[in-house]
Amino acid sequence: MAEFWEFWDAYLWPTLWIIIKIVVIVMPVLLGVAYLTYAERKVIGAMHLRKGPNVVGPFGLLQPIADGLKLFLKETVIPTGANRGVFIIAPCLTFILALIGWAVIPFSEGYVLADINVGVLYLFAVSSLGVYGILMAGWASNSKYAFLGGLRSAAQMVSYEVSMGFVIITVLLCVGSLNLTDIVMAQKTVWFVIPLLPMAVIFFVSTVAETNRHPFDLPEAEAELVSGFNVEYSAMTFALFFLGEYANMILMASMTTILFLGGWLPPFDIAPFNWIPGGIWFALKVAFVLFLFLWIRATFPRYRYDQLMRLGWKVFLPISLAAVAVVAGVLVAFDLAPVQG
């Protein structure tokens with residue numbers, strides 16, 4: 001019996017505790033994804049002077065549950081000419097990659113699954129892998145529209161990841177650490193959105209493009225590509241793409257909050273602001289960034305593909321590259337040490 005308890009303390013309980021923490025993170029994320037779709041339809045409906053979902057449940061609050069059940073109960077149709085294995089793996093890969101990024105996100109001080117010292121590098125690697133699911137879906141569907149959507153997505157994500165990387169480097173130069181908790185704690189005096197405002201704008205616009213959201217939703221353009229890379233998908237395979245896209249939106253909003261909006265830190269370290277728990281501040285900031293995603297969708301027309309590429313390569317890339325040089329130069333010229341939290 002003593003051997004069992006030793007085994008429990010050494011192996012079983014740590015493993016069980018990690019699984020519990022994963023469930024505690026994943027379940028709210030999935031719930032947030034479901035109700036982000038509801039919020040999107042309500043916000044855009046209000047901006048278009050419509051009501052949005054208002055039938056299923058009070059104020060339409062059960063609409064995401066009804067949509068999920070509908071997709072879960074529908075038949076998964078696989079096209080005759082499709083590569084069945086890759087066709088099924090693609091949405092699973094997209095969904096899994098959208099979830100594993102949450103491992104390093106600090107929701108409040110001490111509340112993080114894996115507080116690793118290369119959190120930024122981990123997130124950048126995970127977001128870069130997301131293009132493979134879309135490419136696999138476009139190729140495996142054996143459809144010209146899906147294939148064009150996959151190619152567009154690959155080119156778009158590569159274009160905007162470069163400028164995103166340079167923007168992140170400007171933040172890392174100011175902090176001197178790749179740890180996300182350190183980045184948040186370095187913003188105790190001032191949030192980085194104030195001294196690095198142009199970089200914050202470029203990063204936010206790049207996250208919109210990275211998640212294939214309007215007005216950069218060229219890979220899914222309904223007008224010319226009939227929904228693009230996921231045109232042949234139905235039921236739960238389509239739902240996994242849908243969940244992955246919205247989970248990525250929340251993840252990118254969290255990254256924006258951590259890098260530029262002070263994470264869980266209140267705007268002013270005085271009462272009553274510092275009475276509110278850090279997790280609440282984090283959630284409010286993420287909700288604000290997500291509202292900007294929805295506001296942009298309701299406001300702007302879709303870019304042409306050449307405009308999309310021009311913005312990424314001829315505008316954002318030179319500005320972000322110059323910003324790295326300017327920030328590094330200012331830090332060296334004035335002998336400013338990185339702001340460790």
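Going by the structure above, here's the rest.
Worth saying up front: this structure is predicted, and the values here are computed from it rather than measured.

Undergrad: Honestly, the packing of aromatic side chains in this entry has me stumped. Any pointers?
TA: Aromatic rings considered in pairs are described by the distance between their centres and by the relative angle of their planes. Counting across every chain of the model gives 13 aromatic pairs. A ring pair is formed by Trp102 and Phe107, whose centres lie 6.0 Å apart and whose planes are at 5 degrees; its orientation type is stacked. Given a relative accessible area of 4%, Trp102 falls into the buried group. Consider the rings of Tyr160 and Phe316, whose centres lie 6.1 Å apart with planes at 85 degrees: the pair is edge-to-face. One end of the pair, Tyr160, is in helix α5 (residues 144-175); the other, Phe316, is in helix α11 (residues 305-333), with 156 residues separating them in the sequence. With respect to class, Tyr160 is no different from Phe316; both count as buried.

Undergrad: Which parts of the structure should I look at to understand the packing of helix α7 (residues 197-210) against α11?
TA: Relative placement of two packed helices is described by the angle separating their axes and the distance separating the axes. Where α7 contacts α11, the axes come no closer than 11 Å and their chain directions differ by 145 degrees. The two elements α7 and α11 meet at a crossing, and its hand is left-handed. Contacts between α7 and α11 involve Met199, Ile202, Val205 and Ser206 on the former and, on the latter, Leu311, Phe316, Ile319, Ser320 and Ala323. When grouped by side-chain class, the residues that make up the contact of α7 with α11 number seven nonpolar, two polar and no charged.

Undergrad: Would you take a moment to explain the layout of surface pockets for this structure?
TA: To find the voids left in a structure, one rolls a probe of water-molecule size over its atoms. Estimates place the volume of the largest pocket at around 1000 Å³. Around the largest pocket, the lining is made up of 40 residues, and of these Thr37, Leu71, Phe242, Leu243 and Tyr246 lie nearest the centre. Of all the secondary structure elements, the ones that give two or more residues to the lining of the largest pocket are α1 (2-47), α2 (63-73) and α9 (235-260). Ranked by residues supplied to the lining of the largest pocket, first place goes to α1 with nine residues. Class assignment of the residues belonging to the lining of the largest pocket gives a composition of 21 nonpolar, seven polar and 12 charged.

Undergrad: Sorry if this is basic, but what is going on with α5 here?
TA: In an α-helix, one turn spans 3.6 residues; hence positions three or four apart end up facing the same way. Compared with the 46 Å implied by 1.5 Å per residue over 32 residues, the 46 Å span of α5 between its first and last C-alpha is a close match. Trailing α5 by a residue or two, Gly176 shows a phi angle of about 80 degrees, which is positive.

Analysis parameters
Residues numbered from 1 in each chain as written. Predicted model: local features only at pLDDT ≥ 70, side-chain atom pairs only at ≥ 80, totals over all residues. Heavy atoms only, no water. Phe/Tyr/Trp six-rings, centres within 6.5 Å; stacked < 30°, edge-to-face > 60°. Buried < 20%, exposed > 50% of the residue type's maximum accessible area, 1.4 Å probe, protein only. Helix = DSSP H or I, 4+ residues; strand = E, 2+ residues; numbered from the N terminus. Axes fitted to C-alpha atoms, helices over the stretch in contact; angles between N-to-C directions. Left-handed = near helix turned anticlockwise from the far one by under 90°. Contact = heavy atoms within 4.5 Å. Nonpolar A, V, L, I, M, F, W, Y, C, P; charged D, E, K, R; others polar. 1 Å grid on protein atoms, 1.4 Å probe; cavity = no way out; pocket = protein on both sides within 12 Å on 5 of 7 lines; lining within 4 Å. Points joined across faces, edges and corners; volume = space filled by probe spheres on them. Expected span 1.5 Å × (residues − 1).

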